[in-house]
Amino acid sequence: VKENGRNGYTLYKSEFENTALHKLTLQHELIEALHLKQFMLYYQPQYDLVDGRIVGLEALIRWRHPERGLVPPIAFIPAAEDSGMIVALGDWVLREACRQNRAWQDAGLPPIPVSVNLSFRQFAQMDLVGKVAAILEETGLEPRYLKLEITESMTMDVERALSYLKALTALGVGISVDDFGTGYSSFHYLKRLPIGSLKIDRSFVRDIQQDPNDRAIVAAIIAMAHNLQLQVIAEGVENEEQVRFLQHHRCDEMQGYYGSPPVPSEAVENLLALGRVE
Ligand code: C2E
Ligand code: CA
Ligand code: CA
Ligand code: CA
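We now turn to the structure provided with this report. (Residues numbered from 1 in each chain as written. Chains lettered and ligands numbered in written order. Predicted model: local features only at pLDDT ≥ 70, side-chain atom pairs only at ≥ 80, totals over all residues. Heavy atoms only, no water.)

## Some thoughts on the packing of helix α5 (residues 128-139) against helix α6 (residues 158-171)
Interhelical geometry of α5 versus α6 gives an angle of 15° and a closest axis separation of 9 Å. Compared by their axis directions, α5 and α6 come out roughly parallel. Handedness of the crossing formed by α5 with α6: right-handed. Across the interface between the two elements, Leu128, Val129, Val132 and Ala133 of α5 pack against Tyr164, Ala167, Leu168 and Leu171 of α6. For the contact of α5 with α6, the per-class residue count stands at eight nonpolar, no polar and no charged. (Axes fitted to C-alpha atoms, helices over the stretch in contact; angles between N-to-C directions. Helix = DSSP H or I, 4+ residues; strand = E, 2+ residues; numbered from the N terminus. Parallel < 35°, antiparallel > 145°, perpendicular 65-115°, else oblique. Left-handed = near helix turned anticlockwise from the far one by under 90°. Contact = heavy atoms within 4.5 Å. Nonpolar A, V, L, I, M, F, W, Y, C, P; charged D, E, K, R; others polar.)

## A word on helix α9 (residues 212-227)
For α9, built from 16 residues, the straight-helix expectation of 22 Å at 1.5 Å per residue is met to within 8% by its first-to-last C-alpha distance of 22 Å. All of the buried residues along α9 are Asp214, Val218, Ala219, Ile221, Ile222, Met224 and Ala225. Summarising the contacts, the buried residues of α9 are in contact with β6 (174-180), α7 (187-192), β7 (197-200), α8 (202-206), β8 (231-234) and α10 (240-248). Taken from the residues just after α9, glutamine 229 is the one with a positive phi, measuring 60°. (Expected span 1.5 Å × (residues − 1). Buried < 20%, exposed > 50% of the residue type's maximum accessible area, 1.4 Å probe, protein only.)

## Thoughts on α5
With 12 residues, α5 should reach 16 Å at 1.5 Å per residue; the first-to-last C-alpha distance of 16 Å fits that figure. For α5, the set of buried residues is Leu128, Lys131, Val132, Ile135, Leu136 and Thr139. For α5, the buried positions fall inside an angular range of 130° around the axis, keeping them on one side. Residues of α5 that are exposed and angled more than 90 degrees away from the buried face: Glu137 and Glu138. Buried-residue contacts for α5 involve α3 (86-106), α4 (120-123), β5 (146-151) and α6. Phi for glycine 140, located one or two positions after α5, is positive at around 75°. (Arc of directions from axis to C-beta.)

## So, the pairing of β5
Two strands pair when backbone bridges link them, and strand β4 (residues 114-117) and β5 are joined in this way by four bridges, in the parallel orientation. Bridge pairing in β5 places serine 115 opposite lysine 147. The pairing of β5 with β6 spans five bridges and is parallel. When the bridges of β6 are listed, leucine 148 appears paired with isoleucine 175. One crossover worth recording links β5 to the parallel β6 by way of α6, and it is right-handed. (Pairing = 2+ DSSP bridges. Right-handed = clockwise from strand over helix to strand, strands pointing away.)

The following block contains the structure:
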C-alpha cells in the first residue's frame, strides 16, 4: 500500500500481503469488520467549475482498523471482490451513503447528490435495482440525490448494461462513468446507454501542464461528452493551472485535492456551509 498522507492512511506493507494465506485471512477479517462496524465512509466534494459551489459528494470507503489505522480501499476492495463479500459491503456503503445524505438534508444543509462506487459484482447482481429501490425507500432519500458510478468494463455486455441502467434511471437515480478513458472504451455504448456524466480519469488530468497529448485527450473528452449531452467531471484536480485549463474547455465539475481531499462525514457539514473555493 502506497502512503497517501492527504488521505490520512497509515503506511503498512509486507511480503505477506501477496500470499494466498494473507488473502484468506483478509477475507475473514473483512466479514468480521463489517459486523464490528469498522468501515466508514469519507466524502469528497465535487465543485462546479463556473461558480465554485459544491454540487456533489463522492462516498469513499475506509476501514478503521484497530491496529493498522485507516486502511485504504485499494488494500481490501480487491479481496472483497474475490470472495464475493463486496456485495454485502457494497450494500452497506449504499445504505450508509443514502442515510447520511438524508440526514444532512434533514439538518437543513443544501441538498446535493451523493455518488456511490459500484463494483462489477454488485452491478452483475440480478436484484441490484430492487435493492437500490429498497434502500432509497428505507432511508427516505429522493432518488435524484443518489448517483451510481460504474466503469467502462461494466458496459461490455451492452444489452445487459442497458437493461440494468434503464431500470435504475427509471427509478430516478443518476449514472456516471468513472475512470473514463482508462478501460474498455466504445463510443457505441456511450450513445446507447442512459448515462448522465463522465468522470475523466485523473491519469489524464495529472500531467495537463506538461503533456500536450493529455491536454488534447482531456479537451476531446469534454467536447465529445457535451456533444452527447453528458456532464463532465475531472478527477484528481490538484492545482490552479489544471482548474484554468478545465474552465477554459468548459468542463462542468472538478473533484480533487485542490478543492478538498475526502473527509469524514463530520467535516462535510462545514464544507457545505462554507460552500465555495476560489
Ligand atoms: P475512485 O472511484 O477513482 O476514487 C477516487 C480516488 O482518488 C480516491 O481514492 C480519492 O481519495 C483519490 N483522489 C481524490 N482526489 C485526488 C487528487 O487530487 N489526487 C490524487 N492523487 N488522488 C485523489 P480512494 O478513496 O483511496 O479510493 C480508491 C478507489 O477505491 C476508488 O477509486 C474506487 O475505485 C475504490 N472505492 C472506494 N470506495 C469504494 C466503495 O465504496 N465501493 C467500491 N466498490 N469501490 C470503492
Ligand atoms: Ca469513483
Ligand atoms: Ca475515478
Ligand atoms: Ca480510479
